[in-house]
Structure formats: C-alpha cells, structure tokens
Amino acid sequence: MKCSHLGLLLLVYCFLHVVLTSGSPRNLPIMAFDEGYSHLFGDDNLVVLGDGKSVHLSLDERTGSGFVSQDIYLHGFFSASIKLPAEYTAGVVVAFYMSNGDMFEKNHDEIDFEFLGNIRGKYWRIQTNVYGNGSTSIGREERYNLWFDPSEDFHQYSVLWTDTQIIFYVDNVPIRELKRTESMGGDFPSKPMTLYATIWDGSDWATNGGKYRVNYKYAPYIAEFSDFVLHGCSVDPINHLAKCDKAQRSEAIPTGVTPVQRIKMESFRKKHMTYSYCYDRVRYKVHPPECVINPQEAERLRVFDPVTFGNGRRHHGKRHHRSRTSQAEAISI
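Conventions adopted
- Within every chain, residues take consecutive numbers counted from 1 along the sequence as written.
- With pLDDT at 70 or above as the cut-off, local features in this predicted model cover only qualifying residues; side-chain atom pairs require 80 or more to be listed or tallied, and sums for whole chains, interfaces and linings still use all residues.
- For side-chain calculations, the full set of non-hydrogen atoms in the structure is used, while hydrogens and water are omitted.
- UniProt positions are given in the numbering used here, feature names are shortened, and annotations may be inferred rather than shown by experiment.
- Each helix is a run of H or I in the DSSP string that is no shorter than four residues. Each strand is a run of E no shorter than two, and both are numbered from the N terminus.
- When accessible area is computed with a 1.4 Å probe and restricted to protein chains, residues below 20% of their type maximum are described as buried, those above 50% as exposed, and intermediate ones as partly exposed.
- In the cavity and pocket records, a cavity denotes points on a 1 Å grid over the protein atoms alone where a 1.4 Å probe fits but cannot get out, a pocket denotes an open set with protein on both sides within 12 Å along at least 5 of 7 lines, and lining residues are residues with an atom within 4 Å of a point.
- Grid points are joined across faces, edges and corners, and a volume is the space filled by probe spheres set on the points.
- Classification convention: Asp, Glu, Lys, Arg as charged; Ala, Val, Leu, Ile, Met, Phe, Trp, Tyr, Cys, Pro as nonpolar; all other residues, Gly among them, as polar.

By the naming in an unreviewed UniProt entry, the protein chain is Xyloglucan endotransglucosylase/hydrolase, taken from Carya illinoinensis. Under Sequence similarities (unreviewed entry), UniProt gives the following word-for-word description of the protein chain: "Belongs to the glycosyl hydrolase 16 family."

Our next topic: unusual backbone geometry. Where the residue is not glycine, phi is negative for most of them; where a peptide bond is considered, it is trans in most cases. With an omega of 0°, the peptide bond between Ala-219 and Pro-220 qualifies as cis. One can find Pro-220 in the loop between β13 (194-201) and β14 (221-235). Residue Asp-43 is not a glycine yet carries a positive backbone phi of 50°. Residue position: Asp-43 is located in the loop between β1 (37-41) and β2 (46-48). On the basis of relative accessibility, which here comes to 59%, the residue Asp-43 falls in the exposed class. A positive phi angle is found at Asn-208, which is not glycine, with a value near 50°. Within the secondary structure, Asn-208 is located in the loop between β13 and β14.

Let us now look at the layout of surface pockets. Where empty space is left becomes clear once a probe the size of a water molecule has been rolled over the atoms. Roughly 720 Å³ of internal volume is contained in the largest pocket. Along the walls of the largest pocket sit 23 residues, with Glu-142, Glu-177, Arg-269, Val-292 and Glu-297 positioned nearest its centre. Within the residue set of the lining of the largest pocket, elements represented by two or more residues are β12 (173-179), α3 (259-272), β15 (273-276) and α4 (295-302). Per-element accounting of the lining of the largest pocket gives the leading share, five residues, to α3. When the residues that make up the lining of the largest pocket are grouped by side-chain class, the tally is eight nonpolar, four polar and eleven charged.

Given below as structure tokens:
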C-alpha cells in the first residue's frame, strides 16, 4: 500500500495499516482438512463439509470427537477459525492445542487454547495454558472473558511458538505472551508436538468447579472449524529430526508483539483477564519464578471467585491421543 500525501490523518492511517497488517497470518495458505489433519476419535461425530476446508466436531450422549494433525512440529504458527456451540453449554469444553503426550507420556509438553462453556446468558470463556517436561504440577493457566459472543460467528485463534516465546492470538490481537526464561528450565515447551482439536464433557470442573454440568437435552453440541493454518517446522516422527529450512519461513509469520499490538494486549488483559496462575496463593505459596507481580493487577483479579478455576485441579479429559508412527482484522478493544 502506498501512503499518499493527503494530510496528516491519511498518513497516520497508512502507518497504522502497515503496522497492524505486518506479520498478519492472512497471507498464509489455508489448507483443506485432509491435507493437514486426520480423524482422531468420535466416529460419526466428526463431519468434513463439502468444501473440504471446514469440519464439525460434535458432543452428544455417546461421545465427543476430535482430530489431529498429520505431522509433528517443532515451532511454528498454527491457527484455525472456530465457531462454538450456542445456548446452554455448561460443562462443554472445546480444545485447540498442541501436545506430545503420545510420545512423552511422563514428561510431555503442551500449549492450550481451551474454551469453557457456560450457563444460558453467559458467554464462553477462554483458558490458555503452557507447560513443559511434564510440569503439570505447575499449571500456567490464565482465563479470560471475550469482547464478543464466540458462538455467533467464526473467530481466528492462533498460537506462535518459537524457541524463545509463545504468543496466543484472538483475531490477530495478542492476548498472552510468555517469554522463555532461564528460571523456567525445562518447563518451557521444547520438544516436537502435534496439533489437536477436541470437544468433550468437562462437567467435573469446567463450569464453576463442576457446579453446572453438561445437559444433554441440548445436544448435540457442535463446534465448527475452518481456515486451517499449519505453518511450522515438521519433524520426522521416528528420529525427531527437523525437516525444515529457512526457505520455508514466511514474512507473514509474526516475529513478536508490535508496539501497537502490545497496547491492545495490555488493554485486553486489563479488561478481560479473570485469572492468572501468578496470583494464585492457594496453589502456590511462592509464585513461579517467571511471574512479574503487578499489585494493581493482583488486586483486580482478587475479586474473582477461585472456584471458577476449578480449585486448581488438573484435568486430563481432552487428551484422546492414539499411538502414531508417523484473517482476522485487528479490532479496537
């Protein structure tokens, strides 16, 4: 885009356009489902639509459903456009996440987007989590409300994973940035992982610590996925050696949080974050070493009832692993 000299306002607009769109995933190729993913579980509860680029995952009284990436990755940018079930969704959990639990059962890594259903009239909530080397006792969960109803339309959810940082995005707005620190040691995800998407019954913990459970009279609960982006360094499943090179890198991949994005991220976290592990004194007598404590943030989060997190219990329901051998526009928050 060429910025003309039509005045200060146009120049400012041009500058913001360049900043906001640089590093956007919108220029990355969108792949068909069968090009990058395979059916994981759920039999007929997974439906690939006619265009081959959209998938429905459903939860009913029989079972949930899920799919898995065909390749294993070490770092990259991973994204999907998701529309969540509507109405009463308490106890329903939709997960879009990376894990290597099928390869490293006792010391696996994980990077999670978890969507937690709610009672009628309340929106879904997002939970993110990062841990490595089997460090499930130090859950790095954060929880947020959203500035929109995620059941009304598709929204893009993305993860950037490098050897130094992990960034979660919603509609190209970064909502969380975790930088690798020496103090984290092996707790930072560093082994090859596979990408998963699942829908399942999390009644025991997901909504107010299990107070509200899945009501199957509203089933089937259907989550819709489209606009798949798998842009990472694929790894040989046998020897775990990377098969990528610099030629596979794209200028469309974000390299970090821009100054404008950081303003948006800080605004989002101030308005919409309802839980952070860094301030959980029930779980941690001493906060994890990578945490930077903000007294004002601590006071704001203190008002939220800890039971909405689930009393610190670690949940395992989303991991339906099997053995394996082998666009969004930046908004004003």
